[in-house]
Amino acid sequence: MTTDLDKNRPAGLSRRSFMQSATATAAGLVLGFHLPGNPNRRAEAFTGAVSPGTARGESRLNTWLRIATDGVITIYVARSEMGQGIFTAMPMLVAEELEADWSKIRVEPSPSDAEFNYSGRPMEITGGSMSVRTTWEILQRIGATARHLLIAAAAKQWGVTPESCRAEQGSVVHAASGRKAGYGELATAAAALPAETVVPKELKLKTPAEYKIVGKPTRRLDTPAKVSGKPLFGIDVVVPDMRYAAVRHSPVFGGECANFDALAKAMPEGTTLVKVAGAVIAVADGWWKAKTVVEGLDVKWTKGTTAGLSSAAIEKKLRAATHGKKNPVAATKGDATKELAKAKKKLEAEYSTPFLAHTPMEPLNCTAHVKPDGGIELWVGTQSHTLTKLVVSMHTKVPQERIVVHTTYLGGGFGRRAENDMVLQAIEASKAVGKPVKLIWSRQEDVQHDFYRPASAVKLRAGLDAEGRPVAFTASIASPSIMQRWTIFGGVGKSGIDPTTVEGLSDIKYECPNQHIQAAIVDLGVPVGFWRSVGSSHNAFYLESFIDEMAHAAKQDPYKFRRALLEKSHPRFVQVLDTVAKMSGWETPAPAGRARGIAIAESFGSIVAEVAEVSVSESGQPTVHKVWVAVDCGRYVNPDTVIAQMESGVVYGLSAALRGQITLSNGRVEQSNFHDYTMLAPHEMPEVVVEIVESGAEPGGVGEPGTPPIAPAVTNALFAATGKRIRALPISNHKLPGGKAS
């Protein structure tokens, strides 16, 4: 079964398969729907049988929504909550159609069974800012179906027609007689009804004009538990008879422990040493003890695949690859080479960005129990419980049905927790000691053994006509490939183009009749992976900086230059651009000693424009004082979440733009913790003002799109302030001309 992202519904989801999972339990109404992607469990999914003694808080594995007899509504979410707010937004969509009392709503992560998958495919992943926009209508239908069942149950009890009843605030009301019943009172009776005949064939869903919950600022459901310190995260997990583990990796990628046997024999009493790919793990009765032991070992490592590699050599390789004559072509139209030669004015520039780490605040961890019967139970903050099961099954040869994944809350993910290296390590440790093991990575291991945002370099050229409009544009980008190892998602393919490398660069919205974009994959031996906003994180910097260069070469205002190139074909972009210009007072002078820069980028279905206001001290130290953000994310659920995610995207991207870099010396990562891989400190955080641009378009993402525009907005502002163009990040690597800070 495929997913139609444009309509936000799973193609092939039939009314019959949707409703045949409404069942009655002692707890009340249990509502689910079966997506026929798992034929092995189809019969079970269609039965109403429930094991004896089912109590509130328990349900069959294909259940999406439970209404208990006390009126509490539990909604199961099959995506991972990592701070982006989906454990509130997704229940809001259900509650809207259900006409629920929001105070009665509870949310829980779904079990890892495939019956919970929204897509109907064997993979359910939280990433690409897709959670809400790909499940919008599915969640509405869950709520609407339950509402119809509850109304029908009340009507039957009262001997009236369903049409004469209405649902409101967690109750069914019959206005003519003044009768009213809460959902909890009706739940068991509702579940016993034949949904196939009760629910209309054409299920009418609310229009945005009818929304009472969706689109309104709503406090997050998970906040109270988080601020009170409840054990929600993977690092909080404690299971009986559990041991603790710490890992130490080869300092050079690809290195292996060469003296394991000798080290294992000399381990202190009560500790165990385990060898895994590229690392050793110490297991003990406490994590600090395990960490101290593993760090104190005199490990002899083999040479490794990146031995001798330096950041200078990496940049040299990347820049050389951008000059390749036969690099794979990602996009082309017209004759860019010919028109570039004829252009009135020509521009050429080379840009680069470094490797970046994810550094989620919660250290990487996983608790694993390899059971005596061969089954595996996992507690882990993963961005994909289904991918975790698949990877574990592939590596251990244990069937997926014998693997249980308890998905905890994630203390930040950003793409890093789509990986399963820490999971496989925890499994090996548990297998070695025959007990449950909680593995926790130290921050040093996290920083030095990440799947980094790829380093990249690009060569850009443009030709302008006599009026300063671009007539030709070329880009040649070089980068390691993320998708080469993600063959499960199609890999790179015959084109030789990694789509993540060119996203945001191969589909330029600016009007330019002749374009040619090519890309080269450069394998550097350094692990790379998805990072917040992926390729758009560097390509927005490249494109928006170079557009700024074009504007200045054409002697035009950067905002008006962009607007003129967008107004013909992209009205949503123009509206977002106009909004951020108005918010920031772009056409009025900046305060004395300050300058502004502007950038706009589309990613993950949303358009975001940002203006940064900066100053530079006499010693050349930059300060970002204020950032204005205008976002068109189409229809949205919770405006508070949209605003929070834009603010979050700004701070994440700004930390990277100002100081973020992973550098290598002799094949080893030089950074090790937050003292040398620094985040933006509270006193450095600019004021961020966010405005949502209402377009009514299809839902876009909000978790990632706030990140791409911030780097070019800041560097463009620094150019306006100092006349120095920054073409390589981070900004801290450059000596800026001293100014007069405000």
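Here the structure is a predicted model, which means the values were calculated and not measured.

The rules we used
- Residues numbered from 1 in each chain as written.
- Predicted model: local features only at pLDDT ≥ 70, side-chain atom pairs only at ≥ 80, totals over all residues.
- Heavy atoms only, no water.
- Helix = DSSP H or I, 4+ residues; strand = E, 2+ residues; numbered from the N terminus.
- Rg over C-alpha atoms; globule rule 2.2 N^0.38 Å.
- Buried < 20%, exposed > 50% of the residue type's maximum accessible area, 1.4 Å probe, protein only.
- Contact = heavy atoms within 4.5 Å.
- Expected span 1.5 Å × (residues − 1).
- Axes fitted to C-alpha atoms, helices over the stretch in contact; angles between N-to-C directions.
- Parallel < 35°, antiparallel > 145°, perpendicular 65-115°, else oblique.
- Left-handed = near helix turned anticlockwise from the far one by under 90°.
- Nonpolar A, V, L, I, M, F, W, Y, C, P; charged D, E, K, R; others polar.
- Pairing = 2+ DSSP bridges.

*Asks:* Hey, could you run me through the overall build of the chain in this one?
*Replies:* Secondary structure summary: the chain contains 20 helices and 28 strands in total. At 28 Å, the chain has a C-alpha radius of gyration in line with the 27 Å of a compact globule built from 742 residues. Taking the principal axes of its C-alpha atoms as reference, the chain extends roughly 80 × 70 × 50 Å. In the chain, buried positions account for 59% of the 742 residues. Expressed as a percentage of contacts within the chain between residues at least 6 apart in sequence, the contacts between residues at least 24 apart total 75%.

*Asks:* In this structure, what is going on with helix α10 (residues 311-322)? I would like to understand it.
*Replies:* Residue pairs three or four apart in sequence face the same way in an α-helix, which turns once every 3.6 residues. Between its terminal C-alpha atoms α10 stretches 17 Å, which fits the 16 Å expected from 12 residues at 1.5 Å a residue. Looking at the buried residues of α10, the elements they touch are β20 (456-464), β21 (470-479), β22 (515-521) and β26 (664-665).

*Asks:* Please explain the packing of helix α19 (residues 639-658) against helix α20 (residues 710-722) as it appears in this structure.
*Replies:* The angle between the axes and the distance between the axes are what describe a pair of packed helices. Following both chains from N to C, one finds α19 and α20 inclined at 55°, their axes separated by 8 Å at the closest point. Judged on the interaxial angle alone, α20 and α19 are oblique. The crossing of α19 and α20 is right-handed. Of the residues in α20, those in contact with Val650, Gly653, Leu654 and Ala657 of α19 are Ile710, Ala711 and Val714. Along the lines of polarity and charge, the residues of the contact of α19 with α20 split into 6 nonpolar, 1 polar and no charged.

*Asks:* Can you walk me through the sheet that holds strand β25 (residues 622-632) in this structure?
*Replies:* In any sheet, the strands associate via hydrogen bonds between backbone groups, in a parallel or an antiparallel arrangement. Here we have 4 strands laid out as an open sheet, ordered β23-β24-β25-β28, and mixed in their pairing. Whereas interior strands pair on both sides, the edge strands pair on one side only; in this sheet they are β23 (595-603) and β28 (687-692). Pairwise comparison of adjacent strand axes, ignoring direction, gives a mean angle of 15° for this sheet. The strands touched by α19 are β24 (606-616), β25 and β28; relative to β28, the strand with the most contacts, the crossing angle is about 135°.

*Asks:* I'm lost on the side chain of Glu377 in this one. Help?
*Replies:* The residue Glu377 is located in strand β17 (residues 376-380) in this model. What makes Glu377 buried here is its relative accessible area of 15%. Contact partners of Glu377, with chain neighbours within four places excluded, come to Thr367, Ala368, His369, Lys371, Val404 and His406.

None of this, on its own, says anything about what the molecule does.
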